[in-house]
Amino acid sequence: IAFVLLRSQSVKAKKEKQLAAEKKANLLLKKENVEQQLENAKQQLDELVKKFEERIELTEQLEAGLEEVTKNENGILSNEQTGKILKDLSAASLLRNEDWQQFQQRFEKVYPDFFYQLAQQVQGITPAEERMLALMKLKVNYRRMSQMLGISPESVRTAKYRLRKKLIACNRTDLLEQLEVTD
């Protein structure tokens, strides 16, 4: 009887070890899967930011081209040239809703519930402030942020100052420390 009991306990212990090993392997696979998804989301977010930067460069090139055309033709542009330049500039805009929605979706994959928690914790936050906070979270500098938002660097500083005051009023100074932006 003792032998049978020892044998059954031994078999039971082996099964428990095997189950524990399988659970551990499953957890490792799930962890790797989640890490891979997070890495993919970060890559997509980085690609989108690069796309924005490419559009900024395009805008700068278009502005330089506009200056060149203006110099070459004594400041007189035909309606066709003006229409083409305006069309190209509007296509390069970073403030389109489709771009923001795409950015927001990718951002939420990397930082889940960021915008929801922000709306819950900071009363009266505007969409522009949300955009700025998201870019601050990504450590985008003032110059790039101003170009991505379509405002001057000084406007970014002013908006950040106002945002700082709003976050302090809501006792969210911890959020500000995480979101420092460099020049």
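Here, every reference points to the structure presented above.
Calculation criteria
Per chain, the residues get numbers from 1 upward, laid out in the order the sequence is written. Where local features are concerned, this predicted model is filtered to residues with pLDDT of at least 70; where side-chain atom pairs are given and counted, the filter is 80 or more; whole-chain, interface and lining totals use all residues. To get the side-chain values, all heavy atoms of the structure are used, and hydrogens and water are removed first. The helix and strand labels rest on DSSP assignments: H or I over at least four residues marks a helix, E over at least two residues marks a strand, and numbering proceeds from the N terminus. For each residue, the accessible area found with a 1.4 Å probe, counting protein chains only, is set against the maximum for its type, and the residue is called buried under 20%, exposed over 50%, and partly exposed in between. Only heavy atoms enter the contact rule, under which two residues are in contact if any of them lie within 4.5 Å. Note on areas: Shrake-Rupley with a 1.4 Å probe; residue coverage comes only from the protein chains shown. Aromatic pairing here means that ring centres of Phe, Tyr or Trp (its six-membered ring) are within 6.5 Å. Orientation follows from the plane angle: under 30 degrees is stacked, over 60 is edge-to-face, and everything else is tilted. A ring is scored as having a charge over it whenever the NZ atom of a lysine or the CZ atom of an arginine sits within 6 Å of its centre and within 35 degrees of its normal.

Peer 1: Sorry, what's going on with the overall build of the protein here?
Peer 2: Assigned secondary structure in the protein consists of eight helices and zero strands. Out of the 183 residues belonging to the protein, those deemed buried represent 26%. The contacts in the protein between residues at least 6 apart in sequence include a share of 67% that link residues at least 24 apart. In the structure as shown, the protein presents an accessible area of about 12800 Å², 53% of it carried by carbon and sulfur atoms.

Peer 1: Help me out: how do you make sense of the packing of aromatic side chains in this one?
Peer 2: How two aromatic rings sit relative to each other is set out by the distance from centre to centre and by the angle between their planes. With the rule as written, the count across this model stands at one aromatic pair. When the ring of phenylalanine 114 is compared with that of phenylalanine 115, the centres are 5.3 Å apart and the planes differ by 85 degrees; the resulting orientation is edge-to-face. The buried category is assigned to phenylalanine 114, whose relative accessible area is 9%. For the cation-ring pair, arginine 157 lies above tyrosine 142, with the distance from its terminal atom to the ring centre recorded as 4.5 Å.

What is shown is where atoms sit, not what they do.
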